[in-house]
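Topology and contacts: notes
For reference, the chains in residue letters:
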Amino acid sequence: DAGVTQSPTHLIKTRGQQVTLRCSPKSGHDTVSWYQQALGQGPQFIFQYYEEEERQRGNFPDRFSGHQFPNYSSELNVNALLLGDSALYLCASSFWNRGNTEAFFGQGTRLTVV
Amino acid sequence: AQSVSQHNHHVILSEAASLELGCNYSYGGTVNLFWYVQYPGQHLQLLLKYFSGDPLVKGIKGFEAEFIKSKFSFNLRKPSVQWSDTAEYFCAVTPNTGGFKTIFGAGTRLFVKA
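As the structure is a prediction and not an experimental result, all values here were calculated from the model.

**Points about the interface of chain B and chain A**
Chain B puts 19 residues into the contact, and the matching count from chain A is 20 residues. For the chain B face of the interface with chain A, the top three residues by lost area are F100(B), K101(B) and F104(B), together amounting to 36%. Counting across the chain B and chain A interface gives 1 salt bridge. For the salt bridge of E102(A) with K49(B), the shortest nitrogen-to-oxygen distance reads 2.4 Å. In this assembly, chain B and chain A are joined by 4 residue pairs in polar contact (both at pLDDT 80 or more). Looking at the side of chain B that touches chain A, the elements that each hand over two or more residues are β5 (31–38) and β6 (45–50) of chain B. Sort the elements by how many residues they give to the side of chain B that touches chain A and β5(B) lands first, with 4 residues. Considered class by class, the residues forming the side of chain B that touches chain A number 9 nonpolar, 8 polar and 2 charged.

Dropping the structure here:
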């Protein structure tokens with residue numbers, strides 16, 4: 001039973017470019033959340049997807065967008081990259097159970113913007 | 001704004017010492033509470049969770065946490081730490097507002113000396 005898988009594991013991009021990160025949830029999970037973890041900080045909630053729709057969003061600009069596919073996998077897109085977008089991006093999956101659910105995390109994608 | 005505060009950023013203990021990591025959150029309503037651990041080079045893993053019921057929660061590897069509603073606290077404890085407990089520990093809160101955002105603390109880095 002595969003856990004949460006993310007790709008790529010590492011990525012280097014130039015300021016102004018666009019990036020797409022991918023996440024496959026744990027088998028049986030229908031909900032995907034994305035987090036940004038800057039060095040020395042805890043994960044910050046970006047948004048959550050359920051039934052192919054964005055269900056809630058954190059305090060991130062519109063440059064951050066996402067998508068969930070019918071097979072529950074998800075993408076995170078970031079446009080017009082800034083140096084400050086350099087971070088570890090984490091995907092977490094869960095099974096919607098009226099909120100009483102725990103999330104399983106992937107290894108993350110380390111994005112470096114130069 | 002909702003927030004999670006972890007009292008210690010770095011903790012150094014000798015093996016067999018007792019551990020208590022503090023966590024306080026700012027939200028007046030019902031919450032789900034979590035402690036996650038990140039071992040070196042590994043992904044975030046759930047240590048324990050509280051949804052309702054007995055406020056003393058037992059997790060994996062001998063960890064436990066106590067929810068004290070009046071103090072908005074969810075402190076993590078272990079009677080006797082081992083070298084293998086060296087890791088970063090994150091407290092997280094999901095307010096039961098009908099939303100789905102999980103808020104993480106900044107983390108506590110624990111180093112256990114052999």
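**Thoughts on unusual backbone geometry**
Going from S7(A) to P8(A), the amide bond is cis rather than trans, its omega being -10 degrees. You can see P8(A) is positioned in the loop between β1 (5–7) and β2 (10–13). With a phi close to 45 degrees, A80(A) is a non-glycine residue in the positive phi region. Position of A80(A) among the secondary structure elements: in the loop between β8 (74–78) and β9 (87–94). For A80(A), a relative accessible area of 38% corresponds to the partly exposed category. Within the chain, F72(B) stands out as a residue other than glycine whose phi angle is a positive 50 degrees. As for its placement among the helices and strands, F72(B) is situated in the loop between β8 (64–68) and β9 (73–78).

**Side note on the layout of surface pockets**
Reported here for the largest pocket is a volume of approximately 420 Å³. Every residue lining the largest pocket is counted, 21 residues in all, and those nearest its centre are L88(A), R110(A), Q38(B), E88(B) and R109(B). Mapped by element, the contributors of at least two residues to the lining of the largest pocket are β10 (87–95) and β12 (108–113) of chain B. When its residues are assigned to classes, the lining of the largest pocket shows 7 nonpolar, 11 polar and 3 charged. Computed from the structure, the second largest pocket encloses a volume of approximately 300 Å³. Taken together, 17 residues form the lining of the second largest pocket, with Q44(A), F45(A), Q2(B), K101(B) and I103(B) sitting closest to its centre. Elements supplying a minimum of two residues to the lining of the second largest pocket: β5 (44–50) of chain A together with β1 (3–6) and β11 (103–104) of chain B. Residue composition of the lining of the second largest pocket, by class: 8 nonpolar, 8 polar and 1 charged.

The rules behind these values
- Residues numbered from 1 in each chain as written.
- Chains lettered and ligands numbered in written order.
- Predicted model: local features only at pLDDT ≥ 70, side-chain atom pairs only at ≥ 80, totals over all residues.
- Heavy atoms only, no water.
- Contact = heavy atoms within 4.5 Å.
- Buried area = accessible area lost by both parts, 1.4 Å probe.
- Salt bridge = Lys/Arg side-chain N within 4 Å of Asp/Glu carboxyl O.
- Polar contact = N/O pair within 3.5 Å; in protein donor to acceptor, adjacent residues only side chain to side chain.
- Helix = DSSP H or I, 4+ residues; strand = E, 2+ residues; numbered from the N terminus.
- Nonpolar A, V, L, I, M, F, W, Y, C, P; charged D, E, K, R; others polar.
- Buried < 20%, exposed > 50% of the residue type's maximum accessible area, 1.4 Å probe, protein only.
- 1 Å grid on protein atoms, 1.4 Å probe; cavity = no way out; pocket = protein on both sides within 12 Å on 5 of 7 lines; lining within 4 Å.
- Points joined across faces, edges and corners; volume = space filled by probe spheres on them.

In short, shape yes, function no, at least from these values alone.
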